[in-house]
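The lines below spell out each chain.
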Amino acid sequence: MRSRQRMFAAVMRLLLKCLRLGRRRRFKLVRQVEQLWHYGHLCLRSLLYNSFTNGDVVLDSLFEPIYWLVDHVTRWFGVVFVALVIGLTSSIVAIVYICLLPLILQTYTPAWICWHLTYGHWNLIMIVFHYYMAITTSPGHPPRAKNDLTGVSICRKCIAPKPARTHHCSICNRCVLKMDHHCPWLNNCVGHYNHRYFFSFCLFMTMGCVYCSISGWEMFRDAYAAIETYYQTPPPTFSFRQRAFHKSVVYLWVLCSSVALALGALTLWHAALITRGETSIERHINRKERQRLLKKGKVFRNPYSYGSWDNWKVFLGVDVPRHWLTRVLLPSPHLPHGTGLSWDLPPCVMEQRAPLLAI
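Each value, and the rule that gives it
- Residues numbered from 1 in each chain as written.
- Predicted model: local features only at pLDDT ≥ 70, side-chain atom pairs only at ≥ 80, totals over all residues.
- Heavy atoms only, no water.
- Helix = DSSP H or I, 4+ residues; strand = E, 2+ residues; numbered from the N terminus.
- Buried < 20%, exposed > 50% of the residue type's maximum accessible area, 1.4 Å probe, protein only.
- Contact = heavy atoms within 4.5 Å.
- Areas by Shrake-Rupley, 256 points an atom, 1.4 Å probe, with all protein chains shown as cover.
- 1 Å grid on protein atoms, 1.4 Å probe; cavity = no way out; pocket = protein on both sides within 12 Å on 5 of 7 lines; lining within 4 Å.
- Points joined across faces, edges and corners; volume = space filled by probe spheres on them.
- Expected span 1.5 Å × (residues − 1).
- Arc of directions from axis to C-beta.
- Core = buried A, V, L, I, M, F, W, Y, C linked by side-chain atoms within 4.5 Å.
- Patch = residues over 30% accessible without salt bridge, like charges linked within 9 Å, V, L, I, M, F, W, Y side chains within 5 Å.
- Salt bridge = Lys/Arg side-chain N within 4 Å of Asp/Glu carboxyl O.
- Phe/Tyr/Trp six-rings, centres within 6.5 Å; stacked < 30°, edge-to-face > 60°.
- Lys NZ or Arg CZ within 6 Å of the ring centre and 35° of its normal.

A. Structural detail: the overall build of the protein. For the protein, the helix and strand inventory stands at ten helices and six strands. Split into buried and exposed, the 359 residues of the protein put 34% on the buried side. If you take every contact in the protein between residues at least 6 apart in sequence, the share linking residues at least 24 apart comes to 64%. Entry remark: accessible area of the protein is about 23,800 Å², with carbon and sulfur atoms responsible for 67%.

B. Summary view of the layout of surface pockets. Empty space within the second largest pocket amounts to approximately 1,000 Å³. Every residue lining the second largest pocket is counted, 43 residues in all, and those nearest its centre are Thr89, Ile127, Met205, Gly208 and Cys209. Broken down by element, the lining of the second largest pocket gets its largest block of residues, eleven residues, from helix H3 (residues 64–107).

C. Region of interest: helix H6 (residues 217–228). When the terminal C-alpha atoms of H6 are compared, their 17 Å separation across twelve residues agrees well with the 16 Å that a helix rising 1.5 Å per residue should span. For H6, the full list of buried residues reads Met219, Phe220, Ala223, Ala226 and Ile227. Buried residues along H6 cover an arc of 130° about the axis, so they all sit on one side.

D. Seen up close, the nonpolar core. One finds Leu186, Phe201 and Leu252 to be the most contacted residues of the largest nonpolar core, which totals 38 residues. If you list the elements that add at least two residues to this core, you get H3, helix H4 (110–136), helix H5 (195–215), H6 and helix H7 (240–276). Looking at this core element by element, the count peaks at nine residues for H5. If we ignore the near neighbours within four places in the chain, the residues touching Phe201 are Val85, Ile127, His130 and Tyr131. Grouped together as the second largest cluster of nonpolar side chains are eight residues, Ile274, Phe315, Leu316 and Val328 included.

E. View of a nonpolar patch on the surface. Together, Trp68, Leu69, Val73, Trp76, Phe77 and Val80 make up a nonpolar patch on the protein surface, roughly 690 Å² of accessible area in all. Within the secondary structure layout, Val80 lies in helix H3. Exposure remark for Val80: the relative accessible area of 46% places this residue in the partly exposed category.

F. Here's a closer look at helix H8 (residues 280–295). Counted at 1.5 Å a residue, the expected span for H8 with its 16 residues is 22 Å, and the 24 Å between its end C-alpha atoms agrees. Residues of H8 that are buried: Ser280, Glu282, Asn286 and Leu293. In an axial view of H8, the angular spread of the buried residues amounts to 130°, which keeps them on one side of the axis. For H8, exposure combined with an orientation more than 90 degrees from the buried face picks out Lys288 and Lys295. Where H8 is buried, its residues contact H7. Immediately downstream of H8, the backbone of Gly297 shows phi near 80°, a positive value.

G. Broad picture of the side chain of Glu282. Following the sequence through the fold, Glu282 ends up in helix H8. By relative accessible area, Glu282 is classed as buried at 6%. Aside from chain neighbours lying at most four places away, what touches Glu282 is Arg165 and Gly277.

H. Quick look at the environment of Ile98. Tracing the chain through its elements places Ile98 in helix H3. For Ile98 and Phe245, which are 147 residues apart along the polypeptide, the C-alpha to C-alpha distance reads 9.3 Å.

I. Representation of the pattern of salt bridges. The final tally for this structure, using the stated rule, is four salt bridges. Arg292 is the partner of Glu289 in a salt bridge, and the nearest nitrogen-oxygen pair spans 2.5 Å. Taken as a pair, Glu289 and Arg292 lie in helix H8 at a separation of three residues, close to a single helical turn. Classification of Glu289 as partly exposed rests on a relative accessible area of 23%.

J. Seen up close, the packing of aromatic side chains. All told, the structure shown has 17 aromatic pairs when counted by the stated rule. With centroids separated by 5.0 Å and ring planes inclined at 40°, the aromatic side chains of Phe81 and Trp185 adopt a geometry described as tilted. A residue pair is termed long-range when its members are at least 10 positions apart, and Phe81 in helix H3 and Trp185 in the loop between strand S5 (181–183) and strand S6 (188–190) qualify at 104 residues. Among the residues examined, Phe81 registers a relative accessible area of 25% and is labelled partly exposed. These aromatic residues form a ring-pair network of at least three members: Trp115, Tyr119, Trp122, Phe204 and Tyr211. In this structure, Arg165 packs its charged tip against the face of Trp343, placed 4.8 Å from the ring centre.

Right, here's the structure in full:
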């Protein structure tokens, strides 16, 4: 009897030891997993930690694949966009010459005929000239070697000197002097050497669209009213040429009015930037800098702004009064002030502005 009790007690002690050992092993395994998790988390944070990281940086990182896709699509479809601009503009010009010009010559007075012929052809020449120059002129790129450049930083993507106001274009995969933006409708970057051509094209294209919309308003109303009668019973007896005329006038007015609104808003936006002496990229940079300095009780001052009037003179290259005619109202391939590598005071600016970032 005692031997059985001893055996039973020994078995129970052995069972309890096994249970304690298994529990210790489980606890040890859980602790090892927790240690590995914390160690991996620490390694990941040590590799990715940046004191400047915020929500904007995280969002940019998450959207990086989308940016890559948009950049490559824009690069390959730039030729398509340029062909679209040329095709739509050519269609409007063809409608004006084939449909509207004969009507103008038959019904308008000689004074109005001279006005339409003079203004229309001048506007067309300015559009064609500035668009051609905008797409064929290089915006300007900094040299790969540092040479005598002073006060430049290094582009993180090009690993090359990056002068002031220069930014890297991910679509062109190059740094651009005084970069404003990459325009898919030009298939080119807008920078130091073709910024004036881009803005002039937008301005004269807007003026041309407004001119066509205003001049063709009465014709549009008559053509639209005629199209509405197509579905009456009995249908009106319009010839094929008359139907084509009605639809062409409606197409011209709708397209010109739409482009005038959209491109007009873009032109006003760039005009405001030029007035402040900024580019599209610098607008965002200066706004953040202005907010940062405002918290410190300081005032931001743009070092590249010489005043509203002087900013326009510098942008358009107006050094003497006659340049308003020869360089603004007439096609002119003159170069902008400076090389885009340094920003000295232009000769058309009368007084020196204090180039301070904050006061």
